[in-house]
Each structure stands twice: as structure tokens, then as C-alpha cells.
Amino acid sequence: MQDEVDDVPLLLSAAEARVLGCLMEKAVTTPGSSRFLVVQVHRKRLKTSRMSAELLFHDLLGLGSDWRVKELTHLAGAHSEVRIVIEATDGLYESYRCADDGGSVRPYDHAPLRKWRHLNIFQHECYLECRLPRVKCGQCGKVKTVKGPWEGKIKGFTLLFEAFALTLLREMPVNAAARIVGEHDTRLWRLLAAYVNEAYQAADFRDVRVVGCDELSARKGHNYLSVFADLEAKRVLYATEGKDASTWDRFAEELPEHSAQPEQIEQVSIDMSPAYRKGAKKNCPDAEVVFDRFHVMQNVGKAVDEVRRREHQRLSRKGDKATTSRSTDCLLTQTQMFSAFENSELV
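A brief report on the enclosed structure follows. (Residues numbered from 1 in each chain as written. Predicted model: local features only at pLDDT ≥ 70, side-chain atom pairs only at ≥ 80, totals over all residues. Heavy atoms only, no water.)

### Digging into helix 5 (residues 159-171)
Heads up, the condition is: Under the scheme used here, helices are H or I runs from DSSP no shorter than 4 residues and strands are E runs no shorter than 2 residues, and both carry numbers assigned from the N terminus. Residue count minus one, scaled by 1.5 Å, sets the expected span of a helix. Partly exposed residues are those whose accessible area sits between 20% and 50% of the maximum for their type, while under 20% is buried and over 50% is exposed, using a 1.4 Å probe and protein chains only. The arc in question is the one traced by the directions running from the helix axis out to the C-beta atoms.
Its 13 residues give helix 5 an end-to-end C-alpha distance of 19 Å, which sits within 8% of 18 Å, the value for a rise of 1.5 Å per residue. Every buried residue of helix 5 is listed here: F161, E162, A165, L166, L168 and L169. All buried residues of helix 5 project into a common sector of 160 degrees when viewed along the axis, lining one side. Facing away from the buried surface of helix 5 by more than 90 degrees, the exposed residues are R170 and E171.

### Quick notes on unusual backbone geometry
We note that F122 has phi near 55 degrees; this positive angle belongs to a residue other than glycine. As for its position among the elements, F122 is in the loop between strand 4 (114-121) and strand 5 (124-130).

### Structural notes on the packing of helix 8 (residues 246-254) against helix 9 (residues 274-283)
In plain terms, the rule: Angles here are taken between N-to-C directions and fall from 0 to 180 degrees, while the axes themselves are lines fitted to C-alpha atoms, restricted in helices to the stretch in contact. By convention, the crossing between two helices is left-handed when the near helix turns anticlockwise from the far helix through less than a right angle, and right-handed when the turn is clockwise. Whether two residues touch is decided by their heavy atoms; if any such pair falls within 4.5 Å, the residues are in contact. Residue classes follow a fixed rule: Ala, Val, Leu, Ile, Met, Phe, Trp, Tyr, Cys and Pro count as nonpolar, while Asp, Glu, Lys and Arg count as charged, and any other residue, Gly among them, counts as polar.
Helix 9 packs onto helix 8 with a crossing angle of 30 degrees between their chain directions and a minimal axis gap of 7 Å. In the crossing of helix 8 with helix 9, the sense of the turn from one axis to the other is right-handed. Contacts from T247, W248, D249 and A252 in helix 8 reach Y276, G279, A280, K282 and N283 in helix 9. Here the contact of helix 8 with helix 9 is built from residues that sort into 4 nonpolar, 3 polar and 2 charged.

### What to know about the side chain of D230
Here is the rule we go by: Here a polar contact is taken to be a pair of N or O atoms separated by no more than 3.5 Å, where protein atoms must pair a possible hydrogen donor with a possible acceptor and residues adjacent in sequence count only if both atoms sit in side chains.
Residue placement: D230 occurs in strand 9 (residues 223-230). Within the local environment of D230, its side chain forms a polar contact with the backbone nitrogen of A233, the two atoms lying 3.3 Å apart. Among all residues touching D230, those that are not within four sequence positions of it are V208, V210, R235 and L237.

### Quick notes on the pattern of salt bridges
So the rule is basically this: Salt bridge, as used here, is a side-chain nitrogen of Lys or Arg placed within 4 Å of a carboxyl oxygen of Asp or Glu.
Under the defined criterion, the tally for this structure stands at 16 salt bridges. The shortest N-O distance in the salt bridge between R206 and D204 comes to 2.7 Å. Using a relative accessible area of 31% as the deciding quantity, one classes D204 as partly exposed. Counted as one network, the salt bridges with shared partners bring together R117, E125, E183 and R187.

### Topic: the packing of aromatic side chains
To keep things clear, this is the line we draw: When the centres of two rings from Phe, Tyr and Trp lie within 6.5 Å, Trp using its six-membered ring, the rings pair. Their planes under 30 degrees apart give stacked, over 60 give edge-to-face, and anything left gives tilted. Distance and angle both matter: a charge sits over a ring if NZ of Lys or CZ of Arg is within 6 Å of the ring centre and within 35 degrees of the ring normal.
Applying the stated criterion to the full structure yields 9 aromatic pairs. Between W116 and W150, the aromatic rings sit 5.5 Å apart at their centres with planes inclined by 80 degrees, giving edge-to-face as the arrangement. Separated by 34 residues along the polypeptide, W116 in strand 4 and W150 in the loop between strand 7 (143-145) and helix 5 bring together distant segments of the chain. Judged by relative accessible area, which is 1%, W116 ranks as buried. On the numbers, 4.9 Å between centres and 85 degrees between planes, the contact of F228 with W248 is edge-to-face. Note that F228 is positioned in strand 9 and W248 in helix 8, a separation of 20 residues in sequence. Judged on exposure class, the residue F228 and its partner W248 are both buried. Linked through ring pairs, F228, Y238, W248 and F251 together constitute an aromatic cluster. Cation over ring: K153 sits above Y195, and NZ or CZ is 5.4 Å from the ring centre. Here the guanidinium or amino end of K243 rests over the ring plane of Y224, the centre of that ring lying 4.1 Å away.

### A closer look at the environment of Y96
Residue placement: Y96 occurs in the loop between helix 4 (90-95) and strand 3 (105-110). Taking relative accessible area as the criterion, Y96 reaches 22% and is therefore assigned partly exposed. Taking the C-alpha atoms as reference points, Y96 and R106, separated by 10 residues in sequence, lie 9.2 Å from one another. The residues touching Y96, leaving out its near neighbours within four places in the chain, are G103, V105, V135 and V146.

### Overview of the environment of Y276
Relative to the elements of secondary structure, Y276 occurs in helix 9. Sequence separation of Y276 and S246 is 30 residues, and the distance between their C-alpha atoms is 8.8 Å. For Y276, the contacting residues outside a window of four places in its chain are C213, D214, E215, S226, K243, D244, T247, W248, I270 and D271.

### Side note on the nonpolar core
Selection criterion: Residues enter a nonpolar core if they are buried and are Ala, Val, Leu, Ile, Met, Phe, Trp, Tyr or Cys, with the set joined through side-chain atoms within 4.5 Å.
Core analysis: the largest hydrophobic core is formed by 19 residues, its most contacted members being V211, W248 and F251. Of all the elements in the fold, those that place two or more residues in this core are strand 8 (210-219), strand 10 (235-241), helix 8, strand 11 (267-270) and helix 9. Filtering out sequence-adjacent residues up to four positions away, F251 remains in contact with V211, F228, L237 and Y238. The next biggest cluster of nonpolar side chains, apart from the first, holds 18 residues, and it includes W67, V69, V105 and L128.

Written out as C-alpha cells, the structure reads:
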């Protein structure tokens, strides 16, 4: 009979589970009867199935020897969930060291139950649950809560869930990503801000030589942001409120935080704003100021249009309709030419 038990599959289907329930209710407990043997086989399969599922998720989550999966629960219904309960093993207290002085620790108590959103299991939302252990350092006496290896930067998310959400956020608006993962968009905004801030703190600007600056309308009304960009590496360096000369002061103050100095800037590309010109000259005195082509061609187009109107009025007063028509057509053609030149890739 032991051979038969070892050869059976490890997982029970829903139909097998129902059959097992009926057999266990009606089983004849006399040893040697065929029904008794079937019940014993199914009991063995059920026990092995539970152990295998817990060990399987333990391996899939990469928990190592310090943590184990204690329980798996499926909450069926309109909002179906799978909950995985995790607890620490004794090995955690042997390997864990105090972050302040490296001293060994001993168990103290456990924090309240916490829950983290994990990647879905098929179409079901998955949550990890754990009462994180608190430990006391044998040297400094401080009590600390042990962080689970699955925890992300945002409260209530695992690292893998955050990685999936960030992948979506790179490709679509936050609201659309929130609908896909079933979370409120404010939580995804906090997630995005946390990772952007971390990446920005680690950004290195020591190779920046050519900087472009332009204003951006942040919302309705006169609310503007000044955005500074590395025109060679094609990346944003800094953004701050306003569009006056003080925006350059704040940009210059930010550069040393990223291993850079204002004196290393060789060229700045700006519009013809007097405020930007003043700020760039003050903070980057050695940089060559270059006006961006859009604003240069915009001013040329306005000048040509102003000349066209004046010529049209002058010739109209003389009554020279033929000359007026030819002059207007010529200037209109030039205006169109400047417009095409402005949008071309040759500028």
C-alpha cells in the first residue's frame, strides 16, 4: 500500500476533494477493506498536497531559511483574494545583526499584523501577511522591527508588485495603470515619487556641458515651471517653480549635490527672456548663450508680418493696387518660407 501512496499525484483537484469528502464520511474503518485503503490514500495525498503548496510558495517567494510560509488562504467571492501568511524561523535570530553596532539579537515580541499587495496569482489578487518579529540588541539594548525581504518602498506593496507597477507607469498615464492593477492612483503617485527621488539623488551631473532651459505651463493661469535639461545626454536635470532669474540661482545651488559646478557649463540654450539671460549670465558667466531656434524664427516671422502690414497700408493709400498685390504676395511667401524653415530639421 505504501507504493500506491508514493505514486499518486501531489495536488488534489476540486472534483477529487469533493469525492474525498464523501469517502471520509462513509468510509468503513475496518482495516483491509478496499474503501479503507482508498480513504488512507486520499488522506496521505491531502496532507502531502498542503505541504507541497506551502513549500512551493516559499521557493517562489525566495524566502530563504529565515522565513517560512505558514498558511495559504483563498477568499472566494466577488473580490477574490489569495492570502499567504509568513512567519520567521528560529534561524532569523541567529543570522540577524543590529544595524547600529552589529551586535547579536534575541527575540523580543512581534509587531501587529501587516499586509502587502503582491503580484496576482492568475486572476486573483495576492497579499502577503506577516507579524514582523521585533528583536532586542544584546549590546545597545535597542528594540528594532525586522524588515521582511519582500517589502517595497511604499507601505503595503512588495518589491515585485512595485516593479510591475513601475513598468506600467513608464508606458501609460498613472490613472490607466491604477485601473489595471486595481489600486488608487494616489498610491501609485507616491510609489513613482519615491523611486524618482531615489534615482535623482544618485544622478551624476559631472559630465554636463550644454544646458537648455525653458518654461513649462504647469496648470491653468500664470503658473510656470522652469525645466533645465542636458541637451547632449537628453535628460532632465532640474525643475523648479517660476520663470524668473532666481530659477537659475536654484539650479546653480543644486549642481554641487550631483558632483557638478556651474563653472563647467560651456553653453546654455534659452529663449530671449531678459530674466533667463540675467540668470544665466550671473550663474554661468563662462557659458556661451545661444537663443533657441524656435524663438528666433518666431521673432523673424513677426517682423516680416509687421513689414507686410505696413507696406500694405502704405501702398493702399497711394491707390497702387497692382503693386500692393505683388508686394503682399511676396511677403506672404517669405512668411511661409520662414515658417517652413522654422519647422525643418535643417535649423
